[in-house]
Amino acid sequence: MTQDTSHSTHTATDDARNREIKIYVNGDIVHRDEAKVSVYDSGFMLGDGMWEGMRLYDGTWTFFDEHMDRFFSSCKAVSIDVGMDKAGIAEAMRKTAEANGMTTDVHCRLMLTRGVKTKPFQHPGLSQSGPTLVIIMEHSKPAPALLSKGIRLATVPQVRGLPMAQDAKYNSHSKLNCIIACLQAEQAGADEALMLDPLGFVNTTNACNFFIVRRGEVWTSTGDYCMNGVTRQKVIDLCRANDIPVFERNYSLYEAYGADEAFLTGTFGAQTPVAEIDGKSIGIGERPMTERIRALYKELIKQEVSR
């Protein structure tokens, strides 16, 4: 089956300004065409690094502290020295946004690797020159079709694995597991992959966390095998604060297929509706709970910006 693969949870409206953006590379801010890292860099060579995705609204990087807590915890867990504290990261981001004249509707990808290696081999001790920090910022708004059409998911054989293999809580550069899942979904004619956990319960997609709505209740996975998403947690907190029943639990495809609504959460798209799973339409096309949660989330962003 041939299909247009441009529709995904990260499909954005085209913005010509992104062709001239400036990128932060280890303290230098240069035009995107001049932004380079070494072929000996551990991130390029082995996927040895951590990253964060953040959004800028009206001059504020929303939930910056939560993103930094995850980022620094991940780097500590794999013994990567960030080389600066949270204030240093914030200043690097400020300079990058200022160099690009960016104030709102901006998506940032912050990437840190173990740095340049002395030889092209695996051992972490071969990275001896300090970390490589790259910050890419783009003018970015989710495409309207993400809200109107929703995402088509296909359940795939690739699963989110056990923590002792590669803990899904690491926001690591090593994304091959998720890339394989995405390819499997596209080859099945869907937009993205719905991934199960090692026990066969519904877990997450290849790019976002996954929620369903059943009879007025919001369900998501236990969190044992998925990225500890900042937006995921904000949705759970908003439900609890607004008397919306929410459960982190094991559930199967049976419950997912029969859901009234389903949506994805992520920093880029916030809450993206799911139109179908494995060719089965979700609900009847009405999404009152998703719309309510989206409204609550937008209000939370306003509060964050006004602090």
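For every chain, the first residue of the written sequence is number 1, and numbering continues from 1 along that sequence. Residues qualify for local features only when their pLDDT is at least 70, as the model is predicted, and side-chain atom pairs are given and counted only at 80 or more; totals for whole chains, interfaces and linings, by contrast, use all residues. Here the side-chain values reflect all heavy atoms present in the structure, with hydrogen atoms and water set aside.

A.B. asks: Just to check I follow, could you spell out the packing of aromatic side chains for this structure?
C.D. replies: Two rings from Phe, Tyr or Trp (for Trp, the six-membered ring) form a pair when their centres are within 6.5 Å of each other. A pair whose planes differ by under 30 degrees is stacked, one over 60 is edge-to-face, and the rest are tilted. Taken as a whole and assessed by the stated rule, the structure comprises 4 aromatic pairs. Note that Arg 109 overlies the ring of Trp 51, its terminal NZ or CZ placed 3.6 Å from the centroid. Note on criteria: charge over ring means Lys NZ or Arg CZ within 6 Å of the ring centre, with the direction from the centre no more than 35 degrees off the ring normal. Looking at Lys 280, its charged tip hangs above the ring of Tyr 257, at a distance of 4.5 Å from the centre.

A.B. asks: Just to check I follow, could you spell out the sheet that holds strand S3 (residues 49-57) for this structure?
C.D. replies: Across a sheet, paired strands are connected by hydrogen bonds in the backbone, their directions being either parallel or antiparallel. Strand pairing follows a simple DSSP-based rule, namely that at least 2 bridges must link the two strands. Each helix corresponds to a stretch of at least 4 residues labelled H or I by DSSP, and each strand to a stretch of at least 2 residues labelled E; elements are numbered beginning at the N terminus. The 6 strands lie next to each other as S2-S1-S6-S5-S3-S4, forming an open sheet whose pairing is antiparallel. A single partner strand is all that each edge strand has here, and the edge strands are strand S2 (28-31) and strand S4 (60-61). With 4 bridges connecting them, strand S1 (residues 22-25) and S2 associate as antiparallel partners. Across the sheet, Lys 22 pairs through a bridge with His 31, a residue of S2. Each of S3, S4 and strand S5 (106-113) touches helix H2 (residues 64-77); the most contacted strand, S3, lies at about 175° to it. In what follows, a contact means two residues having at least one pair of non-hydrogen atoms within 4.5 Å. In this analysis an axis means a line fitted to C-alpha atoms, helices contributing only their contacting stretch, and an angle means the value between N-to-C directions, from 0 to 180 degrees.

A.B. asks: In this structure, what is going on with the packing of H2 against helix H3 (residues 86-99)? I would like to understand it.
C.D. replies: In helix packing, the relevant descriptors are the interaxial angle and the interaxial distance, both defined with respect to the helix axes. Between H2 and H3, whose axes approach to 11 Å, the crossing angle comes to 120°. With respect to H3, the axis of H2 lies oblique. For H2 against H3, the interelement crossing comes out right-handed. Along its contact with H2, which presents Phe 64, Met 68, Asp 69, Phe 71 and Phe 72, the element H3 presents Lys 86, Ile 89, Ala 90 and Met 93. Three classes are used, and their members are as follows: Ala, Val, Leu, Ile, Met, Phe, Trp, Tyr, Cys and Pro are nonpolar, Asp, Glu, Lys and Arg are charged, and the others, Gly among them, are polar. When its residues are assigned to classes, the contact of H2 with H3 shows 7 nonpolar, no polar and 2 charged. Here the angle decides the label: under 35 degrees means roughly parallel, over 145 means roughly antiparallel, 65 to 115 means roughly perpendicular, and every other value means oblique. Left-handed describes a crossing in which the near helix is turned anticlockwise from the far one by less than a right angle; the clockwise case is right-handed.

A.B. asks: Would you explain the state of the cysteines in this entry?
C.D. replies: A pair of sulfur atoms, both from cysteines and within 2.5 Å, is called a disulfide here. Within this structure, the stated rule accounts for 0 disulfides. Between Cys 208, a free cysteine, and Cys 178, which holds the nearest cysteine sulfur, the sulfur-to-sulfur gap is 10 Å. Cys 226 provides the cysteine sulfur closest to Cys 239, a residue in no disulfide bond, and the two sulfurs are 15 Å apart. Only protein chains enter the area calculation, which uses a 1.4 Å probe; residues under 20% of their type maximum are buried, those over 50% are exposed, and those in between are partly exposed. On the accessibility criterion, Cys 239 (1% relative accessible area) is buried.

A.B. asks: What should I look at first to understand the pairing of strand S10 (residues 209-214) in this one?
C.D. replies: Within a regular strand, side chains alternate between the sheet's two faces. For S10, the buried fraction is high: 6 of the 6 residues fall into the buried class. A two-sided burial pattern is seen for S10, the buried positions comprising Asn 209, Phe 211 and Val 213 on one face and Phe 210, Ile 212 and Arg 214 on the other. Inspection of the sheet shows S10 paired to strand S13 (residues 261-266) by 5 bridges, in the antiparallel sense. Counterpart to Val 213 in the pairing with S13 is Glu 261. Here S10 pairs with strand S11 (residues 217-220) via 4 bridges, running antiparallel. Residue pairing across strands places Arg 214 opposite Glu 217, the latter belonging to S11. Remark: 2 residues form the turn of the hairpin made by S10 and S11, two consecutive strands paired antiparallel; Arg 215 in that turn has positive phi of roughly 50°.

A.B. asks: Teacher, can you tell me more about unusual backbone geometry here?
C.D. replies: Working note: non-glycine residues mostly have negative phi, and peptide bonds are mostly trans. One non-glycine residue with positive phi stands out, namely Asn 26, at about 50°. Here Asn 26 is to be found in the loop between S1 and S2. Phi angles above zero are rare outside glycine, and Asp 105 is one such case at about 50°. Looking at the secondary structure, you find Asp 105 in the loop between H3 and S5.

A.B. asks: Can you help me understand helix H7 (residues 230-241) in this one?
C.D. replies: Counting along an α-helix, one turn takes 3.6 residues, and residues three or four places apart therefore face a common direction. Take the number of residues in a helix, subtract one, and multiply by 1.5 Å to get its expected span. Between its first and last C-alpha, H7 extends 16 Å over 12 residues, near the 16 Å set by a 1.5 Å rise per residue. Residues of H7 that are buried include every one of Val 230, Thr 231, Arg 232, Lys 234, Val 235, Ile 236, Leu 238 and Cys 239, and no others.

A.B. asks: Looking at this structure, I do not really get empty space enclosed by the protein. What am I missing?
C.D. replies: Here the idea is plain: a probe the size of a water molecule rolls over the atoms and shows the empty space left. The way it works is a 1 Å grid over only the protein atoms, where trapped points that fit a 1.4 Å probe form a cavity and open points with protein on both sides within 12 Å along at least five of seven lines form a pocket, and then any residue with an atom within 4 Å of a point lines it. Grid points are joined across faces, edges and corners, and a volume is the space filled by probe spheres set on the points. All chains considered together, the criterion is met by 1 cavity of 30 Å³ or more. Volume-wise, the largest cavity comes out at about 50 Å³. Surrounding the largest cavity, Arg 55, Tyr 57, Thr 62, Phe 63, His 67, Val 230, Thr 231, Thr 267 and Tyr 297 form its lining. Elements with a contribution of two residues or more to the lining of the largest cavity: S3 and H7. When the residues that make up the lining of the largest cavity are grouped by side-chain class, the tally is 4 nonpolar, 4 polar and 1 charged.

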